[in-house]
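Structural features, examined
Residues per chain, in single letters:
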Amino acid sequence: MTQAWLNRIGTAVPPYDIHAAFVEFGRDTIAQPRQRALFDRMAALSDIDHRYAIFEPGPKPRDKVLDSSGFYRRGAFPSTAARMALYGPHALDLAMLAVQRLDADPDGITHLIVASCTGFTAPGLDFQLMRAAGLPDGTQRSIVGFMGCFAAVNALKLADQMVRADPRSQVLVVNLEVCSLHLQEDFQDVAKMLSFLLFADGASAALVSAHPSGIALGRFQSDFIPRSHDLITWHIGDSGFEMHLSGQVPGRIRRWLPEHGAKLLAGMPATLWAVHAGGRSILDAVQQGLGLGPDALRHSREILRQYGNMSSATLMFVLDRLLHDPDARGPGTGMAFGPGLTVETFAFHRP
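Residues numbered from 1 in each chain as written. Predicted model: local features only at pLDDT ≥ 70, side-chain atom pairs only at ≥ 80, totals over all residues. Heavy atoms only, no water.

**Focus: the overall build of the protein**
The condition that has to hold: For helices the rule is a DSSP run of H or I covering at least 4 residues; for strands it is a run of E covering at least 2, with both sets numbered from the N terminus onward. We take the radius of gyration over the C-alpha atoms and set the globule estimate at 2.2 Å times the residue count to the 0.38 power. Any two residues whose heavy atoms approach within 4.5 Å at even a single point are treated as in contact. All accessibility values rest on the Shrake-Rupley procedure with a 1.4 Å probe; residue burial counts only the protein chains present in the view. For this count, His and the chain ends are skipped, Lys and Arg are scored as positive, and Asp and Glu as negative. Note on charges: their place is set at NZ of Lys, CZ of Arg, CG of Asp or CD of Glu.
What the protein contains, in helices and strands, is 10 helices and 13 strands. For the protein, whose C-alpha radius of gyration is 20 Å, the value lies close to the compact-globule estimate of 20 Å for 351 residues. The C-alpha extent of the protein, read off along each of the three principal axes, is 60 × 45 × 35 Å. Partitioning the contacts of the protein with sequence separation of at least 6, the portion at a separation of at least 24 is 78%. Of the accessible surface of the protein, which amounts to about 14700 Å², a share of 53% is contributed by carbon and sulfur atoms. Looking at charge distribution, the protein has the averaged site of its 32 positive side-chain charges lying 5 Å from that of its 34 negative ones.

What follows is the structure, given as C-alpha cells:
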C-alpha cells in the first residue's frame, strides 16, 4: 500500500501584530470593574504574546474607530457582505504568501485542497489559487469548508486518500483563515471578549505526496464528545460570522480523554504530539486528560504564544515547527477539536 507523506509546510501571517493593542482596548472598554479585572486576569493567563491580523490597530483613543482603515467603527460595524468583500483579496494574498514559502513546483501539482471557515466566494479560493499560483488548469480541486479548527485534519485526510489512490498524486493543501473579519460589537460581554482574545489570521500551504520525506501519515480517526454539540457554534449573521465558544469545552475534553484516549491512540505509543493550539486551557486539558509530560505539547504552546488560535491553520503551524525540530523523531499523534464537539486525530511518524 502506498505511504503518503507530509513533505513540508509553508506558513504566513499578516503584518499587523494586534494582541497588545486588543488587550489594552479590552481593558479600557469594559466598564464594570469586576469584569475588567476578570478580563485582565484571563488575558495574563492566556499564554499569548502575539496575534496577527489584516487590520492595523487604529490610533488612540479607539473610542470611535478601532483600525487604521476605519473598517470597524463603534456603533456601525460592517455587514457580512462588507466583510466578505474583504475576504476575497486578503485570503488570496495571504494564501499565496504561504504557497510561495512552500516553494513547490506548480507544474507537478495534481490536486488542490483548500480549508477555510472564515469566508466564502465563488469562483472560490481554490480557483483563484490555481490561477495565481500557476497550477495546471486540470488541477483537481476540493474545498473543506466551515468545519472550524479541526478542518486541517480533514484536509490532510483527503490528501492522504488521494496519494494512496494514485501514487503519482502531488497534493497542495492550503489552510486559510481571516478570523479578524468577524469581530462582533459585544464589548461588555466578557466571555465574548475573551474569545476574541484568542483568534488571529494565518495561512499554511503543505505538500503531500508519496515521496518519502518529512512526516509519514498514519491512521485517521474521528469521534465526538456526547451532549456537547452546543458548546462550539459558528453561525452566519447579518454582521459577520458569530462564534460561541463555551467555557465548558476544556472541562469536557479533560473528562472525556481518560476513558476514550486509548481508542484514539489505537495502542500506538506517541513520543511526538501535534495538538491544535486552541487556547491554553485546551492544551492543559489534553495534557491532563492523557497524562502527558510537561514538555509534550511544547510545540503547540509555542505556536499559541507566537500566533494565537488561527482556526484551521494552527495545527499546520504546529506540524511545521515539529518539522524544523531536529530532535523530533519517532511516532506521533495529531489532534484537533471543533464544533460537535468533534475530536479528530491521526497517527504519524517522523523517521
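Picking up where we left off.
**Describing the sheet that holds strand β5 (residues 140–145)**
The following threshold applies: A pair of strands counts as paired when DSSP detects no fewer than two bridges linking them. Note on definitions: angles span 0 to 180 degrees between N-to-C directions of axes, and those axes are lines fitted to C-alpha atoms, for helices only across the stretch in contact.
Taking strand neighbours across the sheet as the criterion, the 9 strands line up as β5-β4-β6-β7-β1-β8-β13-β12-β11 in an open arrangement whose pairing is mixed. Each edge of the open sheet carries a strand with a single partner, namely β5 and β11 (272–275). Shown here is a sheet whose adjacent strand axes are inclined to one another by a mean of 25°, direction ignored. As judged from the 4 bridges shared by β11 and strand β12 (residues 330–338), these two strands associate in the parallel manner.

**Here we look at the packing of aromatic side chains**
Aromatic ring pairs are described here by two measures, namely the spacing of the ring centres and the angle between the planes. Using the following cut-off: Pairing of aromatic side chains requires ring centres within 6.5 Å, counting the rings of Phe and Tyr and the six-membered ring of Trp. Pairs whose planes differ by under 30 degrees are stacked, by over 60 edge-to-face, and all others tilted. Burial classes follow relative accessibility: with a 1.4 Å probe on protein chains only, a residue under 20% of its type's maximum area counts as buried, one over 50% as exposed, and anything between as partly exposed.
Taken as a whole, this structure holds 16 aromatic pairs when the rule is applied. Ring geometry for Phe 55 versus Phe 71: centroids 5.2 Å apart, planes at 20°, classification stacked. Of this pair, Phe 55 sits in the loop between β3 (52–53) and α3 (80–102) while Phe 71 sits in the loop between β3 and α3, and the two are 16 residues apart along the sequence. Classification of Phe 71 by relative accessible area gives buried; the value is 16%.

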